[in-house]
Amino acid sequence: GAGVSQSPSNKVTEKGKDVELRCDPISGHTALYWYRQSLGQGLEFLIYFQGNSAPDKSGLPSDRFSAERTGGSVSTLTIQRTQQEDSAVYLCASSLGRTGLDTGELFFGEGSRLTVL
Amino acid sequence: AQSVSQHNHHVILSEAASLELGCNYSYGGTVNLFWYVQYPGQHLQLLLKYFSGDPLVKGIKGFEAEFIKSKFSFNLRKPSVQWSDTAEYFCAVNARGGYQKVTFGIGTKLQVIP
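So, here's what we can say about the structure. (Residues numbered from 1 in each chain as written. Chains lettered and ligands numbered in written order. Predicted model: local features only at pLDDT ≥ 70, side-chain atom pairs only at ≥ 80, totals over all residues. Heavy atoms only, no water.)

## What to know about the sheet that holds strand 8 (residues 75-79) of chain A
All names here are of chain A. Definition in use: Note on pairing: two strands pair once DSSP finds at least 2 bridges between them. Put simply, DSSP H or I for four residues or longer makes a helix, DSSP E for two residues or longer makes a strand, and each gets a number counted from the N terminus. Each axis is a line fitted through C-alpha atoms, taken for helices only over the stretch in contact, and angles between the N-to-C directions span 0 to 180 degrees.
Pairing is antiparallel across the open sheet formed by 4 strands, whose spatial order is 1-3-8-7. A strand with exactly one partner marks an edge of an open sheet, and here the two such strands are strand 1 (5-7) and strand 7 (65-69). Going from strand to strand, the sheet's axes swing by 15° on average, the running direction of each strand aside. Relative to strand 8, strand 3 (residues 19-24) is paired through 5 bridges, and the arrangement is antiparallel. Counted as the bridge partner of Val19 is Ile79 from strand 8.

Below, the structure is given as structure tokens:
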């Protein structure tokens, strides 16, 4: 597509429920990133994909968080047994990801705002 | 691992005032540096970037930033701000060569008063 697409744009859930957030990167971008934006916390790195594999999962805050990417394209971030502290905007970004071509510039989606009651 | 510090978290300026937002990074090797901007209700977008060459880089909307290697700094400047510059500004860094995740600062909220 023309840009990075994320869904849902807004999600309100009850504590303890599972949520899935979806990201559709720019066509041809092999690198995909998930960040979390909370008030006063800046952008917190969660996970990075190169193709379908995730060489860097260092930012996932707990084992309740997982992510996968299929077909080198769409990615899903899953949060199990949501807690109130999970409330944030979850941002997806993509980049070319090709050695020698990728300048490191990230293209961001609009984000998914998650509210856990 | 790299890190980024943005010193001003909230800046309020009148229109036509000059702007300088501080950014310092921590990393021992060669880096790429970025400033991203998030206008109210919009997604993050690239304002400008530095990879190599002239340390003074110019971006969109009259913004510029200067890379000072000895100070590990990449401050953002604009000589005369406009109300439409009201936004949140993020400095970011990634290490050159191979995969290195892009690390962001905490962000600076700029409010320009007409």
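## What about the packing of aromatic side chains?
Note the following rule: Aromatic contacts are taken between Phe, Tyr and Trp rings whose centres are within 6.5 Å, Trp giving its six-membered ring; a plane angle under 30 degrees counts as stacked, one over 60 as edge-to-face, and the others as tilted. Relative accessibility decides the category of a residue: with a 1.4 Å probe and only protein chains considered, values under 20% of the type maximum give buried, values over 50% give exposed, and everything between is partly exposed.
Throughout the structure, instances matching the rule amount to 14 aromatic pairs over all chains. Between Tyr25 of chain B and Phe67 of chain B, the ring centres sit 6.3 Å apart and the planes meet at 35°, which makes this aromatic pair tilted. Of the two residues, Tyr25 of chain B is situated in strand 4 (residues 23-26) and Phe67 of chain B in strand 8 (residues 64-68); the sequence distance between them amounts to 42 residues. Of the two residues, Tyr25 of chain B and Phe67 of chain B, both sit in the buried class. Both rings, one in Tyr50 of chain B and one in Phe67 of chain B, keep their centres 4.8 Å apart while their planes meet at 35°; by these two values the pair is tilted. Of this pair, Tyr50 of chain B sits in strand 6 (residues 45-50) while Phe67 of chain B is found in strand 8, placing the two residues 17 residues apart along the sequence. For the pair shown, Tyr50 of chain B and Phe67 of chain B are each scored as buried. Clustering of aromatic rings is evident, with ring pairs tying together Tyr33, Tyr35, Phe45, Tyr48 and Phe108 of chain A together with Phe34, Tyr36, Phe51 and Phe104 of chain B.

## Notes on the interface of chain A and chain B
Test applied: In this description, contact between two residues means that some pair of their heavy atoms is separated by no more than 4.5 Å. Put simply, buried area is the surface a 1.4 Å probe can reach on two separate parts but cannot reach once they are joined, added for both. Definition used for salt bridges: Asp or Glu carboxyl oxygen within 4 Å of a side-chain nitrogen of Lys or Arg. Throughout this description, a polar contact denotes any pair of N or O atoms lying within 3.5 Å of each other; where both atoms belong to protein, one of them has to be capable of donating a hydrogen while the other can accept it, and for residues adjacent in sequence the pair is counted only when both atoms sit in side chains. In this classification, the charged set is Asp, Glu, Lys and Arg, the nonpolar set is Ala, Val, Leu, Ile, Met, Phe, Trp, Tyr, Cys and Pro, and all remaining amino acids, among them Gly, are polar.
With 20 residues of chain A at the contact, the number on the chain B side is 21 residues. Around 1,600 Å² of area is buried between chain A and chain B when both sides are counted, 58% of it from carbon and sulfur atoms. Counting across the chain A and chain B interface gives 1 salt bridge. Ionic pairing is found between Glu105 of chain A and Lys49 of chain B, a salt bridge with its closest N-O pair at 3.2 Å. Taken together, the connections running from chain A to chain B amount to 4 residue pairs in polar contact (both at pLDDT 80 or more). For the side of chain A that touches chain B, the secondary structure elements donating two or more residues are strand 4 (31-38) and strand 5 (42-50) of chain A. Counting residues per element, the side of chain A that touches chain B draws most heavily on strand 5 of chain A, at 4 residues. Partitioned by chemical class, the residues of the side of chain A that touches chain B number 9 nonpolar, 8 polar and 3 charged.

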